[in-house]
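Analysis of the macromolecular model
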Amino acid sequence: MALVEVENDLLASGLKRIQGEIDSVFDAFLPVPDDTRARLVEAMRYAAIGGGKRVRPLLVVSTAELFGVDRTAALRAGAAIEAIHVYSLIHDDLPCMDDDDLRHGKPTLHKVFDEATAVLAGDSLHALAFEILADTGTSADPFVRSELIATLGTASGMNGMAGGQIMDMVADEEGIDYDLHSITKLQQLKTGALLAASVEMGAILGKVPPEGRAHLRAYSRDIGLAFQIADDLLDVTGDQELAGKALRKDAEQGKQTFVTLMGVDQARDQARALVDQAVAHLGNHGEEADVLRALARFIVERDR
């Protein structure tokens, strides 16, 4: 069997397994209470369970497994970072942000419930992420828990995802045309920070010292940029039905993206080069890193 077929099978089984496992973690953490909080928890469950590729949890678990970490602990950390990702999507979809009607092929949360409930559901998933990481069930080591919390907090806030989002918003509101350097910085924060944190958190669970994570940071940096370039390409060339969300919005809004600055062909070549570079950073690992290699290649080949 060709290497690409082996990797595709490995990744497909890995994604299918992690999707079910993360759904189970959320199900356990989000029982619906028998009081008037029920609507809030039902909204959280609607957003968190049964949707998404679960790329970030798979990165956490696959990295943690390189260092012999218990899978249950890694899944909890993966659910924490997915809770942050889901909250960001809920808020992104609101009328005050991107005003989207569709997410993962189903109506967005504020369309099914209401805007106020959507805000609270996002806030509560943000809080849940840190509840999970602070719990001794994730790690018995307080230093590991502390570093996990600090890593996810930095990746989520002004020096990470939220910082990238405001850069994007300001450009839209003030008609700023970012150059390639600025777009790269924006996307490293908005998209890349959580992907990088996923890999970092897997290594933290494995008690790898910071100086031993340089190759993993390089891997995550490259896949983060490749992921966003692939996203920009999907917005231009993708199938909306397969993507399960609105496409062509960047062009309609006149946004500067990797594609508008580089063109489709050069952007695609750049994404592939970044993936090759990312895979090369895993050269010191054997077949135990095959899922990470397959995941890097999947990033530029995905259709959703």
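In this report, the structure presented in the accompanying data block is examined.

Here is what the cut-offs are and how they apply
- Residues numbered from 1 in each chain as written.
- Predicted model: local features only at pLDDT ≥ 70, side-chain atom pairs only at ≥ 80, totals over all residues.
- Heavy atoms only, no water.
- Helix = DSSP H or I, 4+ residues; strand = E, 2+ residues; numbered from the N terminus.
- Buried < 20%, exposed > 50% of the residue type's maximum accessible area, 1.4 Å probe, protein only.
- Lys, Arg positive; Asp, Glu negative; His and termini not counted.
- Salt bridge = Lys/Arg side-chain N within 4 Å of Asp/Glu carboxyl O.
- Contact = heavy atoms within 4.5 Å.
- Axes fitted to C-alpha atoms, helices over the stretch in contact; angles between N-to-C directions.
- Parallel < 35°, antiparallel > 145°, perpendicular 65-115°, else oblique.
- Left-handed = near helix turned anticlockwise from the far one by under 90°.
- 1 Å grid on protein atoms, 1.4 Å probe; cavity = no way out; pocket = protein on both sides within 12 Å on 5 of 7 lines; lining within 4 Å.
- Points joined across faces, edges and corners; volume = space filled by probe spheres on them.
- Phe/Tyr/Trp six-rings, centres within 6.5 Å; stacked < 30°, edge-to-face > 60°.
- Lys NZ or Arg CZ within 6 Å of the ring centre and 35° of its normal.
- Expected span 1.5 Å × (residues − 1).
- Polar contact = N/O pair within 3.5 Å; in protein donor to acceptor, adjacent residues only side chain to side chain.

A look at the side chain of D92
Within the secondary structure, D92 sits in helix α4 (residues 71-92). For the buried D92, no salt bridge is present, and the opposite-charge side chain at shortest range is R103, 5.3 Å distant. With residues near it in sequence (within four places) discarded, D92 still touches M97, D98, D99 and Q165.

Describing unusual backbone geometry
Most peptide bonds are trans, and most residues other than glycine sit at a negative phi. One non-glycine residue with positive phi stands out, namely R54, at about 65°. Within the fold, R54 resides in the loop between α2 (38-48) and α3 (55-65). Phi angles above zero are rare outside glycine, and K207 is one such case at about 55°. Looking at the element boundaries, K207 is found in the loop between α9 (180-205) and α10 (214-237).

Overview of the packing of α3 against α9
One way to put it is that α3 packs onto α9 with a least axis distance of 7 Å and a crossing angle of 30°. Of the possible angle classes, the one that applies to α3 and α9 is roughly parallel. Where α3 crosses over α9, the handedness of that crossing is right-handed. Counted together, V55, R56, L59, V60, T63 and A64 of α3 and L194, L195, S198, V199, G202, A203 and L205 of α9 form the full contact between these two elements.

A look at the side chain of Q187
Its place among the elements puts Q187 in helix α9. According to the relative accessible area criterion, Q187 is buried, its value standing at 8%. Residue contacts for Q187: discarding those within four places in its chain leaves G192, Q228 and F258.

Observations concerning empty space enclosed by the protein
Considering all chains together, one arrives at one cavity of 30 Å³ or more under this definition. Looking at the largest cavity, its volume works out to about 150 Å³. Lining the largest cavity are 17 residues, with A47, V86, I90, R103 and H104 positioned closest to its centre. Contributing elements (two or more residues each) for the lining of the largest cavity: α2, α4 and β2 (106-107).

A few points about the packing of aromatic side chains
Applying the stated rule across the entire model yields one aromatic pair. Judged by centre distance (6.0 Å) and plane angle (70°), the ring pair of Y46 and F113 falls under edge-to-face. Taken together, the residues span a long stretch of sequence, with Y46 in helix α2 and F113 in the loop between α5 (109-112) and α6 (115-134) at a distance of 67 residues. Above the plane of the ring of F227 lies R56, whose end atom (NZ or CZ) is 5.7 Å from the centre. One cation-aromatic arrangement involves K106 over Y46; the distance from NZ or CZ to the ring centre is 4.0 Å.

As for α6
The first and last C-alpha atoms of α6 sit 29 Å apart over 20 residues, in line with the 28 Å expected at 1.5 Å per residue. Where α6 is concerned, the buried positions are T117, A118, A121, G122, L125, L128, A129, F130, I132 and L133. A side-chain oxygen of the first residue of α6 lies 3.2 Å from the backbone nitrogen of A116; this N-cap is D114.

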